[in-house]
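Inside the fold
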Amino acid sequence: MGTTQATIGTGTAAAATAAAPEPKYWHLRTVLVRALDSEFEAGEVLPNERDLSARFGVARATLRQALDQLELEGRLVRRRGIGTLVAAPRMGVPVAESAEGRPGTGRDVWRIVDSTSAPAPAAVAAALGVPADEAVHTVRRLRMMHGQAIGTETLYVPDAVVPYVAGGVFMKHSVKPSIADSSRARSVLRQLQRLELDGESRAVELGVAEEEQARLLERPPGIPVLVLTTRYQAQGRTAAVAVSTYRADTCRLTFGASGVVDVAPAAAATEVRTAS
């Protein structure tokens, strides 16, 4: 009896969903996407809201919802004193095993935020194979492209992997690190760079920027981000874990020329997830 009721309930819910009309703003968003692709160039300013509302025959409130959605998707950019502009195409951000992707290299595009030694989040500690209360080296960095902050990274490395780092804890909450932070972070990165890695594994999922991530990215909290988790393997163990967040509105991640993509259902995945 219980099973029959559950089946009926599911069928009723599915029918109700199928019968639900598409929101007006979402239909308008689809129409606007076609117009953006066919009539406007990147950087071009859109007509004002009054003209757009008249053209598409919708209320300005509906128009604003559609424009807000397109801004969230990174298709539009609002500039105070200018108006609403068509956004440039997303930037291709290389994250494969290369000078851009491996910690300790690509110094021109990475800025050190801070460095500390403290226990890692439980999921990271498990991935690294260290006790939950064991301190690990943690380096936070900010990735820049064309002068714009596009991503953050938190790198976790056990002391056994990089044993020649001076002790002490340095905690900063500014994009400009102290001299001690910079020295400590570079020491960790240099030692990691010298390791002979056996391989790397990566997983990407959609997330939202928490308050600290959003501050570093100079965006409001809650914006969509691409969360990239990378595990670096050396000598038969996970030598380091990096959790990066990239702005989903301006970035597309590229993984090299091989084109190999490993897809797994979310429920079956075993990625490490933690705040960067």
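Computed from a prediction, not measured in an experiment: that's the story for all the values here.

Concerning helix H4 (residues 60–72)
Every α-helix winds through 3.6 residues per turn, so residues three or four apart in the chain are directed the same way. Relative to the 18 Å expected for 13 residues at 1.5 Å per residue, H4 spans 18 Å between its end C-alpha atoms, a close match to the ideal helical length. Of the residues making up H4, those classed as buried are Thr62, Leu63, Ala66, Leu67, Gln69 and Leu70. Buried residues of H4 fall within an arc of 155° about the axis and therefore sit on the same side. Considering only its buried residues, H4 is in contact with helix H2 (24–39), helix H3 (49–56) and strand S1 (76–79). Just downstream of H4 lies Gly74, where phi reads positive at about 85°.

Section: the pattern of salt bridges
Two side chains carrying opposite charge are able to pair once their charged atoms lie near each other. In the structure shown here, the tally under the stated rule is 15 salt bridges. Its salt-bridge partner being Glu49, residue Arg64 comes within 3.0 Å of it at the nearest N-O pair. Separated by 15 residues along the polypeptide, Arg64 in helix H4 and Glu49 in helix H3 bring together distant segments of the chain. When the shortest N-O distance is used, the salt bridge between Arg215 and Glu212 registers 2.8 Å. In this pair, Arg215 and Glu212 both sit in helix H7 (residues 211–217), three residues apart, roughly one turn of the helix. Put simply, Asp114, Arg140, Glu212 and Arg215 are held in one network by salt bridges that share partners.

As for the side chain of Asp249
Mapped onto the secondary structure, Asp249 falls in the loop between strand S9 (237–247) and strand S10 (251–254). By relative accessible area, Asp249 is classed as buried at 10%. A distance of 2.9 Å separates a polar atom in the side chain of Asp249 from a polar atom in the side chain of Arg247. For Asp249, the contacting residues outside a window of four places in its chain are Leu72, Glu73, Gly74, Arg90 and Arg219.

Re the confidence of the model for the protein
Scored by pLDDT, the protein has a mean of 78; 74% of the residues are at 70 or more. Helix H1 (residues 2–19) is the least confidently modelled element of the protein, averaging 44 in pLDDT, while H3 averages 93, the highest of any element. Below pLDDT 50 for its whole length, residues 1–11 participates in zero contacts with residues either more than four positions away or in separate chains.

Brief notes about the packing of aromatic side chains
Considering all chains together, one arrives at one aromatic pair under this definition. Both rings, one in Tyr25 and one in Trp26, keep their centres 6.1 Å apart while their planes meet at 85°; by these two values the pair is edge-to-face. With relative accessibility at 23%, the residue Tyr25 sits in the partly exposed group. In this structure, Arg29 packs its charged tip against the face of Trp26, placed 4.8 Å from the ring centre.

Cut-offs and rules
- Residues numbered from 1 in each chain as written.
- Predicted model: local features only at pLDDT ≥ 70, side-chain atom pairs only at ≥ 80, totals over all residues.
- Heavy atoms only, no water.
- Helix = DSSP H or I, 4+ residues; strand = E, 2+ residues; numbered from the N terminus.
- Expected span 1.5 Å × (residues − 1).
- Buried < 20%, exposed > 50% of the residue type's maximum accessible area, 1.4 Å probe, protein only.
- Arc of directions from axis to C-beta.
- Contact = heavy atoms within 4.5 Å.
- Salt bridge = Lys/Arg side-chain N within 4 Å of Asp/Glu carboxyl O.
- Polar contact = N/O pair within 3.5 Å; in protein donor to acceptor, adjacent residues only side chain to side chain.
- pLDDT = per-residue confidence, 0-100.
- Phe/Tyr/Trp six-rings, centres within 6.5 Å; stacked < 30°, edge-to-face > 60°.
- Lys NZ or Arg CZ within 6 Å of the ring centre and 35° of its normal.

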